[in-house]
Amino acid sequence: MLDLGELCALVGGRATLVIDAGARSAVFRGQPLPLSDQPFALLLLLAQAARQSTALVQNRTIEQALWATPPTQNAVAEVVRRLREAIAVVAGEPDAAKA
């Protein structure tokens, strides 16, 4: 499971995020987030879950949303890592993604 609070904790809970699903773009703290397809899809999934007050998103839910067939064992963790890393870099806290 991925706790949405963990994602916010990455940037001290001061997240300002704008997602344009149609343009497949995201801006965090006024800076474009350079995301490939899967990290963007994960970000969109988490944002949609947060809007529905769903604090936890199961790995299985992520797998079903991002892959047509079951992914490799560490695939979800890798996409989460890539998303966290992109957010941390834009936030000016590149070491935060390693926590």
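Note that the coordinates shown come from a computational prediction; the quantities given were computed from them, not determined experimentally. (Residues numbered from 1 in each chain as written. Predicted model: local features only at pLDDT ≥ 70, side-chain atom pairs only at ≥ 80, totals over all residues. Heavy atoms only, no water.)

Colleague: Give a description of the packing of helix H2 (residues 37-51) against helix H3 (residues 59-66) that names residues and reports values.
Modeller: Closest axis-to-axis distance for the H2/H3 pair is 10 Å, and the angle between their directions is 125 degrees. What the angle tells us is that H2 and H3 run oblique. Remark: the crossing between H2 and H3 carries right-handed chirality. For the pair formed by H2 and H3, the contact residues are Gln-38, Ala-41, Leu-42 and Leu-45 on the first element and Thr-61, Ile-62, Ala-65 and Leu-66 on the second. Among the residues making up the contact of H2 with H3, the classes are represented as six nonpolar, two polar and no charged. (Axes fitted to C-alpha atoms, helices over the stretch in contact; angles between N-to-C directions. Helix = DSSP H or I, 4+ residues; strand = E, 2+ residues; numbered from the N terminus. Parallel < 35°, antiparallel > 145°, perpendicular 65-115°, else oblique. Left-handed = near helix turned anticlockwise from the far one by under 90°. Contact = heavy atoms within 4.5 Å. Nonpolar A, V, L, I, M, F, W, Y, C, P; charged D, E, K, R; others polar.)

Colleague: Describe the packing of H2 against helix H4 (residues 75-90), naming the residues involved and giving the relevant values.
Modeller: Helices that pack against each other are described as a pair by the angle of their axes relative to one another and the distance between those axes. For the pair H2 and H4, the least separation of the axes is 9 Å and the interaxial angle reads 85 degrees. With respect to their mutual orientation, H2 and H4 come out roughly perpendicular. Residues Gln-38, Pro-39, Leu-42, Leu-43 and Leu-46 of H2 form the contact with H4, whose participating residues are Val-79, Val-80, Arg-82 and Leu-83. Here the residues of the contact of H2 with H4 sort into seven nonpolar, one polar and one charged.

Colleague: How would you explain the nonpolar core if you had to name every residue and give the values?
Modeller: Nonpolar side chains in soluble globular proteins tend to be buried together. Leu-33, Leu-35, Leu-42, Ile-62 and Leu-83 are the most contacted members of the largest nonpolar core, which totals 23 residues. For this core, the secondary-structure elements that each account for two or more residues are strand E3 (25-28), H2, H3 and H4. If we skip the residues at most four places from it in the chain, Leu-33 touches Leu-17, Ala-26, Val-27, Phe-28, Leu-43, Ala-86, Ile-87 and Val-90. (Core = buried A, V, L, I, M, F, W, Y, C linked by side-chain atoms within 4.5 Å. Buried < 20%, exposed > 50% of the residue type's maximum accessible area, 1.4 Å probe, protein only.)

Colleague: Tell me about H2, residues and numbers included.
Modeller: In this model, H2 (15 residues) spans 21 Å end to end at C-alpha, consistent with the 21 Å of a helix rising 1.5 Å per residue. Those residues of H2 not exposed but buried are Pro-39, Phe-40, Leu-42, Leu-43, Leu-44, Leu-45, Leu-46 and Ala-49. In the stretch just after H2, Ser-53 is the one whose phi turns positive, near 60 degrees. (Expected span 1.5 Å × (residues − 1).)

Colleague: Tell me about the pairing of strand E2 (residues 17-20), residues and numbers included.
Modeller: The pairing of E2 with E3 spans four bridges and is classified as antiparallel. Across the sheet, residue Val-18 finds its bridge partner in E3, namely Val-27. The turn linking E2 back onto E3 is made up of four residues, and Arg-24 within it adopts a positive phi angle of 55 degrees. (Pairing = 2+ DSSP bridges.)

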